[in-house]
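Below are the chains, spelled out letter by letter.
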Amino acid sequence: MARRTALAAVAALASLAAPARADDAASLALATALHQKIQQCWNVPADLPAHVEAIRVAFTLTEAGELDGSPKVEGPVAGDAATKTFAASAVRAVVRCAPFAGLEKLAPYDTWKSVSVTFRRPEM
C-alpha cells in the first residue's frame, strides 16, 4: 500500500512555476529537479475525497537552497478537514525536502529565489 501511495504522489505533483525571465531550458531543468526532489518527500494523505482541489505552495530560498521563512499555501483553503490535511501535507513536503542543493548549477539564483509548486490530488 505504501508503494501505491508513493506512485500516486509522483503523478500528483504536477507543476512548478519558475519566474518567466529564465530561459526555457533552464526553467525546465529547474522545475524537473525541484519536482523530483519534492515528490520523494510528499506523503499523500490516504482516502482523499474527489472534491479536494490542487494546492499551490509558495516558498523562498536562500542562495544555499535553504528555506527562507515558512512555505505558504497560496489562496484560501476550503474549510473541510480533507482539504486542510492535503494542504498541510504539501507544506510538510517542502519543509522535509529542504535544503534544495545544486540549484545554482541549473539556473541563476534570481530564477529560483521564489518558487511556487502545485500539488494535485492523485487520481485513485
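**Student:** Please provide a residue-by-residue account of the packing of helix α2 (residues 24–41) against helix α3 (residues 81–97), values included.
**Tutor:** In the contact formed by α2 and α3, the axes pass within 8 Å of each other and the chain directions differ by 110°. By the angle between their axes, α2 is roughly perpendicular relative to α3. Side by side, α2 and α3 meet where K37, I38 and C41 of the first sit next to A93, V94, R96 and C97 of the second. Classifying every residue of the contact of α2 with α3 gives five nonpolar, no polar and two charged.

**Student:** Before we move on, can you summarise the nonpolar core with the specific residues and values?
**Tutor:** The tendency in soluble globular proteins is for nonpolar side chains to be buried side by side. Residues I38, F59, F100 and F119 are the most contacted members of the largest nonpolar core, which totals 27 residues. Of all elements in the fold, only α2, β2 (55–60), α3 and β4 (114–119) reach the threshold of two or more residues within this core. In terms of residues, this core owes the most to one element, α3, which gives seven residues.

**Student:** Explain the environment of K105 residue by residue, including any values.
**Tutor:** Following the sequence through the fold, K105 ends up in the loop between α3 and α4 (109–112). Classification of K105 as exposed rests on a relative accessible area of 72%. In the structure, K105 is positioned 75 residues away from L30 in sequence and 9.4 Å away in space, judged by C-alpha atoms.

**Student:** Give a description of the pairing of β2 that names residues and reports values.
**Tutor:** Every second residue of β2 is oriented toward a common face, the buried set being I55, V57 and F59 and the non-buried set R56, A58 and T60. Sheet analysis places β2 next to strand β3 (residues 72–74), joined by three bridges and oriented antiparallel. Residue pairing in the sheet places R56 in a bridge with E74 of β3.

**Student:** A description of the state of the cysteines should follow, citing residues and the corresponding values.
**Tutor:** Applying the stated criterion across every chain, the model contains one disulfide. Residue C41 pairs covalently with C97 via a disulfide, S to S 1.9 Å. Residues C41 and C97 are joined by a disulfide whose S-S torsion is about 115°; by sign, that bridge is right-handed. Placement of the pair is C41 in helix α2 and C97 in helix α3, with a sequence separation of 56 residues. You'll find C41 and C97 in the same group, each marked buried.

**Student:** Which residues make up the packing of aromatic side chains, and what values do they have?
**Tutor:** Per the stated rule, a full pass over the model turns up four aromatic pairs. Taken together, a centroid distance of 5.0 Å and an interplanar angle of 80° make the contact between Y109 and W112 edge-to-face. Linking Y109 with W112, this pair stays in helix α4, spanning three residues, or about one helical turn. Of the residues examined, W112 reaches a relative accessible area of 1% and is grouped as buried. Ring pairing ties together the aromatic residues W42, F86 and F119, which thus form one cluster.

**Student:** Can you tell me about the pairing of β4, naming the residues and giving the values?
**Tutor:** Consecutive residues of a regular strand have side chains that alternate between opposite faces of the sheet. Counting buried positions along β4 yields five of six residues, so the element is predominantly enclosed. Pairing of β2 with β4, which is carried by six bridges, proceeds in the antiparallel orientation. Residue I55 lies in a different strand from β4, and its bridge partner there is F119.

Cut-offs applied
- Residue positions are given per chain, counted from 1 along the sequence in the order it is written.
- In keeping with the predicted nature of the model, local features appear solely for residues at pLDDT of at least 70, side-chain atom pairs appear and are counted solely at 80 or more, and the whole-chain, interface and lining totals rest on all residues.
- With hydrogens and water stripped out, all remaining heavy atoms of the structure feed into the side-chain values.
- As a rule, the C-alpha atoms of each element are fitted with a line to give its axis, helices using only the stretch in contact, and angles between N-to-C directions run from 0 to 180 degrees.
- Helix numbering and strand numbering both begin at the N terminus, where a helix is a DSSP run of H or I of at least 4 residues and a strand a DSSP run of E of at least 2.
- Roughly parallel here means an angle under 35 degrees, roughly antiparallel means over 145, roughly perpendicular means 65 to 115, and every remaining angle is called oblique.
- By the convention used here, residues are in contact when the closest approach between their heavy atoms is within 4.5 Å.
- Charged residues are taken to be Asp, Glu, Lys and Arg, nonpolar residues to be Ala, Val, Leu, Ile, Met, Phe, Trp, Tyr, Cys and Pro, and polar residues to be all remaining types, Gly included.
- Among buried residues, those of type Ala, Val, Leu, Ile, Met, Phe, Trp, Tyr and Cys that are joined through side-chain atoms within 4.5 Å constitute a nonpolar core.
- Exposure is judged per residue with a 1.4 Å probe applied to protein chains only, and the accessible area is read against the type maximum: over 50% gives exposed, under 20% gives buried, and values in between give partly exposed.
- Pairing between strands is defined by DSSP: at least two bridges between the two strands are required.
- Cysteine sulfur atoms are paired as a disulfide whenever they fall within 2.5 Å.
- Any two of the Phe, Tyr and Trp rings considered here, Trp counted by its six-membered ring, make a pair once their centres fall within 6.5 Å; the pair's planes then place it as stacked at under 30 degrees, edge-to-face at over 60, or tilted in between.

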